[in-house]
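Structural overview for review
Chain residues, written in single-letter form:
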Amino acid sequence: MELSRQAQLGLSTVIHQLCGLVLGPDKAYLLRHRLAPVVESEGLTSFDELLVRLQCRGGSRLHDAIIEAITTKETSFFRDRGFFGFLRKSVLPEFFETLRRKSGLRRRIRVWSSGCSTGQEPYSIAILIRDLIESGDADGAKENQFTILATDLSTEALESARTGKYSSADVERGLSEFDLARYFRRAGKHWTVNESLRRLVQFRRFDLLTSPAALGAFDLILCRNVLIYFDEATRRRVCGGLFGAMQSGGWLALGAAESLFGVDHQLENVRLGQVLCYRKPHRGG
Ligand SMILES: C[S@@+](CC[C@H](N)C(=O)[O-])C[C@H]1O[C@@H](n2cnc3c(N)ncnc32)[C@H](O)[C@@H]1O
């Protein structure tokens, strides 16, 4: 199906407004490939017709279909092992210590996986926390002292994340046989996350282009492999929201290929080997 210059421009503008994604003329093939099924499922014959329909009254009905078609949901369990090693060695021990010191204060550690896709990232965090608690390496911390919020713009990704059902290919990417036996149940060709682990993660739809103020403050925010798809202005806007949602002393983790380059910030860089994370200075310090 041909993609006219006008349709390319118009559709990329709609997409940018919908989810902050930037698709310049060099990404025309991607636009064509991903939106052709939407054109067909709407009974249309061209991208120009799709654009007209989007611009008509009631065009917003198509927004979800466009978001689903255009977002990249690539993810895996324990994606970037170095990062999870960093959490295990540096970040989580500090959280356990905070919980121990503030044990009388009902303090909870709040983690936010923003752009969680189909759930592998927040479930990996839940596995890590449970592993440390069960092996007695958590300074007496308890699971109910942690909350893990996982959000995404894609309703389909979230539905799949909530069911916690994964194919053999999914679980082979990142999980050991030990993790599988311990945290999953097999049903035919699929594996499902155990109910008790699933309960540790709360899924919710959230658009990173909007303000996260209502979500409260977090001790650890993961925004990994999401910013990479945005232009600089959108990155700045999204990061501004994330910075505001960080507790004092809280952590921000981006993807291995991402950084805050070009974004004004007052966070500290904390490096362990190849892994770089950001930290909000403690109040007054
Ligand atoms: C490549 S996945 C990253 C998944 C996971 N964080 C990881 O690193 O494996 C990017 C996710 O960002 C989500 N996303 C894209 N734009 C978004 C937006 N404006 N608000 C929230 N999520 C968005 C996509 O739906 C997709 O699930």
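Details of the structure are given in the entry above.
Overview of the structure. (Residues numbered from 1 in each chain as written. Predicted model: local features only at pLDDT ≥ 70, side-chain atom pairs only at ≥ 80, totals over all residues. Heavy atoms only, no water.)

**With respect to the layout of surface pockets**
Our working definition: Residues are called lining when one of their atoms sits within 4 Å of a cavity or pocket point, these points coming from a 1 Å grid over the protein atoms alone, where a cavity is a set in which a 1.4 Å probe fits but cannot get out and a pocket is an open set with protein on both sides within 12 Å along at least five of seven lines. Grid points are joined across faces, edges and corners, and a volume is the space filled by probe spheres set on the points. Gly falls in the polar group here, along with every residue not listed as nonpolar (Ala, Val, Leu, Ile, Met, Phe, Trp, Tyr, Cys, Pro) or charged (Asp, Glu, Lys, Arg).
There is about 460 Å³ of room inside the largest pocket. Considering the residues around the largest pocket, the lining is formed by 27 residues, among which Thr72, Gly115, Asp152, Asn225 and Val226 are closest to the centre. Among the residues making up the lining of the largest pocket, the classes are represented as 12 nonpolar, 8 polar and 7 charged. The computed volume of the second largest pocket comes to approximately 290 Å³. Considering the residues around the second largest pocket, the lining is formed by 15 residues, among which Thr98, Arg107, Ser248, Gly249 and His282 are closest to the centre. Looking at the lining of the second largest pocket residue by residue, the classes come out as 2 nonpolar, 6 polar and 7 charged.

**Overview of the side chain of serine 124**
Our working definition: Runs of H or I in DSSP of at least four residues are treated as helices and runs of E of at least two as strands, each being numbered from the N terminus. Side-chain atoms alone can form a polar contact between residues adjacent in sequence; in general such a contact is a pair of N or O atoms within 3.5 Å, and within protein one must be able to donate a hydrogen while the other accepts it.
With respect to the element layout, serine 124 can be found in helix H6 (residues 120–134). In this structure the side chain of serine 124 is engaged in a polar contact, spanning 2.9 Å, whose partner is the backbone nitrogen of phenylalanine 78.

**Brief notes about helix H1 (residues 5–19)**
Helical geometry: 3.6 residues make up each α-helical turn, so side chains three or four residues apart lie on a common side. Stated formally: What a helix should span is 1.5 Å times the count of its residues minus one. When accessible area is computed with a 1.4 Å probe and restricted to protein chains, residues below 20% of their type maximum are described as buried, those above 50% as exposed, and intermediate ones as partly exposed. Any pair of residues with heavy atoms lying within 4.5 Å of one another is described as a contacting pair.
Across its 15 residues, H1 extends 21 Å between first and last C-alpha, which sits within 8% of the 21 Å expected from 1.5 Å per residue. Of the positions making up H1, those classed as buried are Ala7, Gln8, Gly10, Leu11, Ser12, Val14, Ile15, Leu18 and Cys19. Of the surrounding elements, those touching the buried residues of H1 are helix H2 (28–41), helix H3 (47–55) and helix H4 (63–70). Downstream of H1 by a residue or two, glycine 20 has a phi angle that is positive, lying close to 80 degrees.

**Thoughts on the sheet that holds strand E9 (residues 268–272)**
Put simply, the rule is: Two strands make a pair as long as DSSP finds a minimum of two bridges between them. Interaxial angles span 0 to 180 degrees and are taken between N-to-C directions of axes, which are lines fitted to C-alpha atoms, for helices over the stretch in contact.
Taken together, 7 strands build an open sheet; the order of strands is E6-E2-E1-E7-E8-E10-E9 and the sheet is mixed. Only two strands of the sheet have a single partner each, and these edge strands are strand E6 (201–205) and E9. Strand-to-strand twist across the sheet, computed as the mean angle between neighbouring axes with direction ignored, equals 25 degrees. Relative to strand E10 (residues 275–279), strand E8 (residues 246–254) is paired through 2 bridges, and the arrangement is antiparallel. Of the residues in E10, the one forming a bridge with tryptophan 251 is arginine 279.

**So, the state of the cysteines**
What counts here: In this description, a disulfide is simply a cysteine sulfur pair whose atoms lie within 2.5 Å.
Inspection of every chain in the model, using the stated rule, returns 0 disulfides. The thiol of cysteine 116 is unpaired, and the distance to the nearest cysteine sulfur, on cysteine 223, comes to 11 Å. Its relative accessible area of 1% is what places cysteine 116 among the buried residues. Here cysteine 277 is not cross-linked by a disulfide; its sulfur's nearest cysteine counterpart is in cysteine 223, at 12 Å. Assessed through its relative accessible area of 2%, cysteine 277 is described here as buried.

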